[in-house]
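Residue-level structure breakdown
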Amino acid sequence: NGAVMISGPQDECIDCPEGTTFWIDDEYASSPDTPYTALAQGSEPLFDVMSDNWMRMKTANADINWVSPVAQSTGFGLKTTKEDAYETPLFTDVDFAATSTCGGKLHCSVAIDDSVPHIKTTDDETFYLYEATVWPSILTAASGKKVAKQGKAKKLRKRN
């Protein structure tokens, strides 16, 4: 039903005159009740581009479910709720896994591959950190299941 944006959108207009608009500034064909969720690594190189795009999306489509397009931190990712994911885009500052073979380690660390922070048992059973609450939250919030708007997002923290 909805849209889950993992580490994106990263679209930008490079070397364009100030005020240039592109697809992100247009109204979307989705209905006003289409939920959007987003997750990014707060230290990845294009985080500011994504943040700007979330702002532009909310400006272009006031009906987007986010109370605020300013991303909130997931902390360690152990207490993120579907309400958190519904109210604002999310970011994490948890570092990528030491096992990462990805070129953009921070970028890859929010999607399931060897970059995702995890713990492992001695018999090689792996638990990915975002499996606890972050991924379920963004998927549930975007699934179209009703999530009440809280009116004011908590834990708001703007990136520098």
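Preceding this paragraph is the structure being described.
Residues numbered from 1 in each chain as written. Predicted model: local features only at pLDDT ≥ 70, side-chain atom pairs only at ≥ 80, totals over all residues. Heavy atoms only, no water.

1. Overview of the overall build of the protein chain
- The helix and strand tally for the protein chain stands at 4 helices and 6 strands.
- Put simply, the protein chain runs from its N terminus to its C terminus through helices and strands in the order β-β-α-β-α-β-α-β-β-α.
- The C-alpha atoms of the protein chain give 16 Å as radius of gyration, which agrees with the globular expectation for 160 residues (15 Å, within 12%).
- Every one of the 160 residues in the protein chain was classed for burial, and the buried ones make up 44%.
- If you take every contact in the protein chain between residues at least 6 apart in sequence, the share linking residues at least 24 apart comes to 62%.
- When the accessible surface of the protein chain is totalled, it reaches about 8700 Å², and 54% of it is carbon and sulfur.
- Where the 15 positive side-chain charges of the protein chain centre and where its 23 negative ones centre are 9 Å apart. (Helix = DSSP H or I, 4+ residues; strand = E, 2+ residues; numbered from the N terminus. Rg over C-alpha atoms; globule rule 2.2 N^0.38 Å. Buried < 20%, exposed > 50% of the residue type's maximum accessible area, 1.4 Å probe, protein only. Contact = heavy atoms within 4.5 Å. Areas by Shrake-Rupley, 256 points an atom, 1.4 Å probe, with all protein chains shown as cover. Lys, Arg positive; Asp, Glu negative; His and termini not counted. Charge placed at Lys NZ, Arg CZ, Asp CG, Glu CD.)

2. Things to note about the sheet that holds strand E3 (residues 72-73)
- The 4 strands lie next to each other as E1-E2-E4-E3, forming an open sheet whose pairing is parallel. Only two strands of the sheet have a single partner each, and these edge strands are strand E1 (3-6) and E3.
- In this sheet, strand E4 (residues 90-92) lies alongside strand E2 (residues 36-41) in parallel orientation, the contact comprising 3 bridges. Residue pairing for E4: Ala-40 is matched across the bridge by Phe-91. (Pairing = 2+ DSSP bridges.)

3. So, the state of the cysteines
- Scanning all chains against the criterion turns up 2 disulfides.
- Paired by a disulfide, Cys-13 and Cys-16 hold their sulfur atoms 1.7 Å apart. One quick way to see it: the torsion about the S-S bond of Cys-13 and Cys-16 is about -60 degrees, and its sign makes the bridge left-handed.
- One disulfide bridge connects Cys-102 with Cys-108, the sulfur atoms lying 1.9 Å from each other. (Disulfide = S-S within 2.5 Å.)

4. A few points about the packing of aromatic side chains
- Counted according to the given criterion, the structure contains 3 aromatic pairs.
- On the basis of an interplanar angle of 80 degrees and a centroid distance of 5.9 Å, the ring pair of Phe-47 and Trp-54 is categorised as edge-to-face. Just as Phe-47 is buried, Trp-54 falls in that class too.
- With 5.6 Å between their ring centres and 65 degrees between their planes, Phe-47 and Phe-91 make a pair best called edge-to-face. Taken together, the positions of Phe-47 in helix H1 (residues 47-60) and Phe-91 in strand E4 put the pair 44 residues apart, joining distant regions of the chain.
- The exposure class assigned to Phe-47 is buried, which follows from its relative accessible area of 2%.
- In this structure an aromatic cluster arises from ring pairing among Phe-47, Trp-54 and Phe-91. (Phe/Tyr/Trp six-rings, centres within 6.5 Å; stacked < 30°, edge-to-face > 60°.)

5. As for the environment of Thr-88
- As for its placement among the helices and strands, Thr-88 is situated in the loop between helix H2 (82-87) and E4.
- We classify Thr-88 as buried; its relative accessible area is 0%.
- Side-chain polar atoms of Thr-88 contact the side chain of Gln-72, separated by 2.9 Å. (Polar contact = N/O pair within 3.5 Å; in protein donor to acceptor, adjacent residues only side chain to side chain.)

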